[in-house]
Amino acid sequence: MKKTGAWLVRYALEQIGVRYTFGIPGVHNTETYDELNKSASIQPVLVTHEAGAAFMADALSRTSDQVGTLLIVPAAGVTHAASGIGEAFLDGIPMLVIAGGIRTDTGKTFQLHEMDQHALLAPITKWTYKIETHEQIIPVIYEAYRVATTGEPGPVFVEVPVNLQLFPGEVSATPSYVAEPAQGKPDSAAIQEAAKMLYAASSPGLFVGWGAVHASAETAAIADFLGAPVATTLQGLSAFPANHPLHTGMGIGPAAVPAAENAFRDCDSLLAVGNRFGEIGTASYGINPPANLVHVDINPRVFNANYPAAVSIEGDARAVMAELLKALGALGPAKPDSGRLKAAIARDKQAYAAEWLAHDSKGRVNPARFFNELRTQLADDAIVVADDGNHTFLVAELMPIHTPRGFISPTDFNCMGYAAPAVTAAKLANPEKQVVGVIGDGAFLMTCMETLTAASLQLGAVYFIFNDGELSQISQAQEIPYNRKTCSVLQAVRFMGVADATGCEFVSIESDDACGPGIARALSLAAQNRPVIVDVKVDYSKRTRFTKGAVKTNLERFTLGNKARFIGRALYRKLF
Ligand SMILES: Cc1ncc(C[n+]2csc(CCOP(=O)(O)OP(=O)(O)O)c2C)c(N)n1
Ligand SMILES: [Mg+2]
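Residues numbered from 1 in each chain as written. Chains lettered and ligands numbered in written order. Predicted model: local features only at pLDDT ≥ 70, side-chain atom pairs only at ≥ 80, totals over all residues. Heavy atoms only, no water.

## Digging into helix H4 (residues 76-91)
Part 1 of the reasoning: The end-to-end C-alpha distance of H4 is 24 Å, a good match for the 22 Å that 16 residues give at a rise of 1.5 Å each.
Part 2 of the reasoning: Along H4, the sharpest change in direction is near 45° and occurs at Ala-82.
Part 3 of the reasoning: By the burial criterion, the buried members of H4 are Gly-77, Val-78, Ala-81, Ala-82, Gly-84, Ile-85, Gly-86, Glu-87, Ala-88 and Asp-91.
Part 4 of the reasoning: If you follow the buried residues of H4, they end up packed against helix H3 (50-63), strand E4 (68-72), strand E5 (95-101), helix H5 (117-121) and strand E7 (155-161).
Part 5 of the reasoning: Just past H4, the residue Gly-92 takes up positive phi, approximately 70°. (Helix = DSSP H or I, 4+ residues; strand = E, 2+ residues; numbered from the N terminus. Expected span 1.5 Å × (residues − 1). Bend = angle between axes of the 7 residues up to and from the residue. Buried < 20%, exposed > 50% of the residue type's maximum accessible area, 1.4 Å probe, protein only. Contact = heavy atoms within 4.5 Å.)

See below:
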């Protein structure tokens with residue numbers, strides 16, 4: 001039979017269950033856009049910039065069981081989208097990137113949008129493929145979906161030359177998509193060994209990352225059985241509910257929140273799950289895990305990469321944890337916490353919150369006050385999206401997250417500009433849930449036009465801008481060593497104007513007392529399917545534990561000579 005490439009792309013995307021594509025049409029993909037317009041199950045979403053499209057596809061994958069899909073033009077669309085593709089790659093998020101390709105049937109060069117897209121994307125994708133015949137389109141898209149979603153997930157790239165999209169070509173079959181069977185069983189000898197090590201420990205602990213986000217029930221069962229505290233990484237913040245009495249918060253070690261630092265101080269066996277011990281997750285490698293480290297991950301490349309493991313177990317977190325729980329149960333009775341650990345965690349959390357609330361924010365909004373109000377007003381299953389900056393670590397330390405996938409942020413690629421589009425897409429994927437962003441003013445400026453996309457789709461999402469007038473995560477780090485803030489103080493922006501321009505509602509929160517009513521107003525407008533931009537005049541005069549800890553760890557690692565040079569320069573600038 002004869003089919004156009006555009007028809008074949010639509011058919012394959014429908015088969016794998018794609019519901020939305022994100023992107024901007026151009027001459028190399030209008031035929032496919034026109035096909036999608038006929039689809040009963042796929043809605044192509046127009047964005048304002050392809051970076052926004054990629055962040056949206058990423059957020060859709062993080063907050064739902066769909067795979068975020070891009071449909072973009074070659075070269076210029078691909079380079080714009082690269083930031084979001086890179087974020088998905090380093091954070092292990094599945095994504096399907098489909099771009100048009102230049103004509104392969106004219107024999108001409110210097111074509112519009114001509115470049116080697118595969119060379120550009122190779123380092124930030126799991127797999128790239130250039131379609132050459134109509135016959136390849138369906139199987140290649142199925143294979144792309146398989147690669148994106150198996151093992152550690154990630155983005156894949158498929159280039160479909162425009163001439164194949166436009167013109168009919170011969171295909172022998174249009175097979176249905178058949179889902180892959182689940183992966184094999186994890187290594188049972190390693191599981192036995194891990195169980196013995198954890199059971200024998202006098203102070204075991206769990207440290208979970210995003211790779212364990214679908215396994216929080218199993219994590220809780222193991223933690224309860226062992227009476228062990230559970231800490232999370234930044235990306236894995238939602239992998240364990242903050243209202244569980246064994247939840248300690250973000251990090252272990254000196255840059256962790258106090259409840260975690262104290263609960264893990266004497267840890268003699270650590271179970272790390274879906275956590276690759278990256279730079280952010282370890283606060284610049286400032287942690288010191290015990291020799292009895294059990295490391296569980298779907299990606300074997302993370303084992304022994306930064307910290308040596310006594311036992312490493314390759315596999316899906318949920319499957320491994322379920323087996324591990326059985327193996328623990330076979331060793332003897334549960335060793336639940338007598339109540340002392342839980343009491344200590346609760347006390348430390350209370351004291352840290354009190355320390356923040358007591359901080360004088362001099363008329364501006366105290367972050368702890370804001371997050372107390374937000375937590376009170378949001379439902380347990382709400383989704384909180386952060387960008388990258390000081391505000392991210394404020395969320396991590398002060399905003400309890402109660403549900404798996406209830407927090408997302410750009411972590412290892414650490415790409416500012418993520419959150420505004422991600423809020424839009426998370427709301428699109430979860431219309432029945434509250435979705436709010438906590439977004440630095442600098443980050444919001446990068447991609448705030450994706451609030452226009454939310455307005456056009458009538459999405460009741462809330463964008464809380466943490467307006468401190470600076471690129472604070474950087475300016476805070478400049479303050480002491482340089483005694484000046486080169487290029488990190490922002491020009492004042494009237495965010496009301498952005499709301500006006502994009503058709504969003506606008507709310508301003510200028511003081512502690514305005515937090516309650518301001519958040520209530522924003523959530524009630526959002527409940528009427530209106531996107532809302534909220535300008536929060538936040539106070540950043542108190543540092544997070546993460547920032548203080550990471551700065552200290554990095555400075556300690558400087559050679560004596562470099563320490564002297566930095567400290568000497570800081571003193572000189574302070575004095576003169
Ligand atoms: C694309 C990109 N450019 C630059 C940086 C470096 N950077 C990291 S955090 C940060 C400051 C973010 O400022 P803002 O969005 O206002 O958040 P705040 O730290 O003030 O909460 C910068 C510039 C980055 N991570 N990503
Ligand atoms: Mg800022």
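## What to know about the site of ligand 1
Part 1 of the reasoning: Close to ligand 1 lie 17 residues; Asn-390, His-391, Asp-441, Ala-443 and Tyr-540 are nearest.
Part 2 of the reasoning: Taking Asp-388, its side chain carries an N or O atom lying 2.9 Å from a nitrogen atom of ligand 1.
Part 3 of the reasoning: At 3.3 Å from a nitrogen atom of ligand 1 is found a main-chain nitrogen or oxygen belonging to Met-416.
Part 4 of the reasoning: For ligand 1, whose unbound accessible area comes to 590 Å², protein coverage reaches 78%.
Part 5 of the reasoning: Elements represented by at least two residues in the shell around ligand 1 include exactly helix H14 (390-398), helix H16 (441-447) and helix H18 (472-482).
Part 6 of the reasoning: In terms of residue class, the shell around ligand 1 is built from 5 nonpolar, 8 polar and 4 charged. (Near = heavy atom within 4 Å. Polar contact = N/O pair within 3.5 Å; in protein donor to acceptor, adjacent residues only side chain to side chain. Areas by Shrake-Rupley, 256 points an atom, 1.4 Å probe, with all protein chains shown as cover. Nonpolar A, V, L, I, M, F, W, Y, C, P; charged D, E, K, R; others polar.)

## Section: the pattern of salt bridges
Part 1 of the reasoning: A complete count under the given rule lists 23 salt bridges for this structure.
Part 2 of the reasoning: In this structure, Arg-10 and Glu-14 form a salt bridge, with 3.2 Å as the shortest nitrogen-oxygen distance. Placement of the pair is Arg-10 and Glu-14 together in helix H1 (residues 5-15), with a separation of 4 residues, close to one helical turn.
Part 3 of the reasoning: Classification of Glu-14 by relative accessible area gives partly exposed; the value is 26%.
Part 4 of the reasoning: Residue Lys-537 is joined to Asp-535 by a salt bridge in which the shortest nitrogen-to-oxygen separation is 3.3 Å.
Part 5 of the reasoning: Residue classification places Lys-537 among the partly exposed residues on the basis of a relative accessible area of 23%.
Part 6 of the reasoning: One continuous salt-bridge network, built from bridges that share partners, spans Arg-10, Glu-14, Glu-35 and Lys-38. (Salt bridge = Lys/Arg side-chain N within 4 Å of Asp/Glu carboxyl O.)

## Some points on H14
Part 1 of the reasoning: Of all 9 residues in H14, 9 are buried; the element is thus mostly enclosed.
Part 2 of the reasoning: Where H14 is concerned, the buried positions are Asn-390, His-391, Thr-392, Phe-393, Leu-394, Val-395, Ala-396, Glu-397 and Leu-398.

## A few points about the packing of aromatic side chains
Part 1 of the reasoning: Considering all chains together, one arrives at 17 aromatic pairs under this definition.
Part 2 of the reasoning: Seen in terms of ring centroids, Tyr-352 and Trp-356 are 6.4 Å apart; in terms of plane orientation they differ by 85°. Their pairing is edge-to-face. Pair noted here: Tyr-352 and Trp-356 are both in helix H12 (residues 340-357), with a separation of 4 residues, about one helical turn.
Part 3 of the reasoning: Tyr-352 sits in the buried class, given a relative accessible area of 7%.
Part 4 of the reasoning: Among the aromatic side chains, those forming a connected cluster through ring pairs are Phe-370, Phe-371, Phe-464 and Phe-466.
Part 5 of the reasoning: Across from the ring centre of Trp-7, 4.1 Å away, lies the NZ or CZ of Lys-3, which sits over that ring. (Phe/Tyr/Trp six-rings, centres within 6.5 Å; stacked < 30°, edge-to-face > 60°. Lys NZ or Arg CZ within 6 Å of the ring centre and 35° of its normal.)

## Notes on a nonpolar patch on the surface
Part 1 of the reasoning: Together, Leu-555, Ile-567, Leu-571, Tyr-572, Leu-575 and Phe-576 make up a nonpolar patch on the protein surface, roughly 690 Å² of accessible area in all.
Part 2 of the reasoning: At 4 residues, helix H22 (residues 560-575) tops the list of elements feeding residues into the nonpolar patch.
Part 3 of the reasoning: Tracing the backbone shows Leu-571 in helix H22. (Patch = residues over 30% accessible without salt bridge, like charges linked within 9 Å, V, L, I, M, F, W, Y side chains within 5 Å.)

## Observations regarding the coordination of the magnesium ion (ligand 2)
Part 1 of the reasoning: Those protein atoms acting as donors to the magnesium ion (ligand 2) are Asp-441 (OD), Asp-468 (OD) and Glu-470 (O), and they sit at 2.1 Å.
Part 2 of the reasoning: Look at where the donors of the magnesium ion (ligand 2) fall in the sequence and you get D-x26-D-x1-E.
Part 3 of the reasoning: The buried category is assigned to Glu-470, whose relative accessible area is 18%. (Donors = N, O, S within 2.8 Å, 3.2 Å for Na, K, Ca; no water.)

## Notes on the sheet that holds strand E13 (residues 293-297)
Part 1 of the reasoning: Overall, parallel pairing links the 6 strands, which are arranged E11-E10-E9-E12-E13-E14 in an open sheet. Looking at the sheet topology across the chains shown, the edges are occupied by strand E11 (247-250) and strand E14 (311-314). Taken pair by pair, the neighbouring strands of this sheet meet at an average axis angle of 15°, ignoring direction.
Part 2 of the reasoning: Pairing geometry for strand E9 (residues 204-208) and strand E12 (residues 269-273), over 5 bridges, is parallel. (Pairing = 2+ DSSP bridges. Axes fitted to C-alpha atoms, helices over the stretch in contact; angles between N-to-C directions.)

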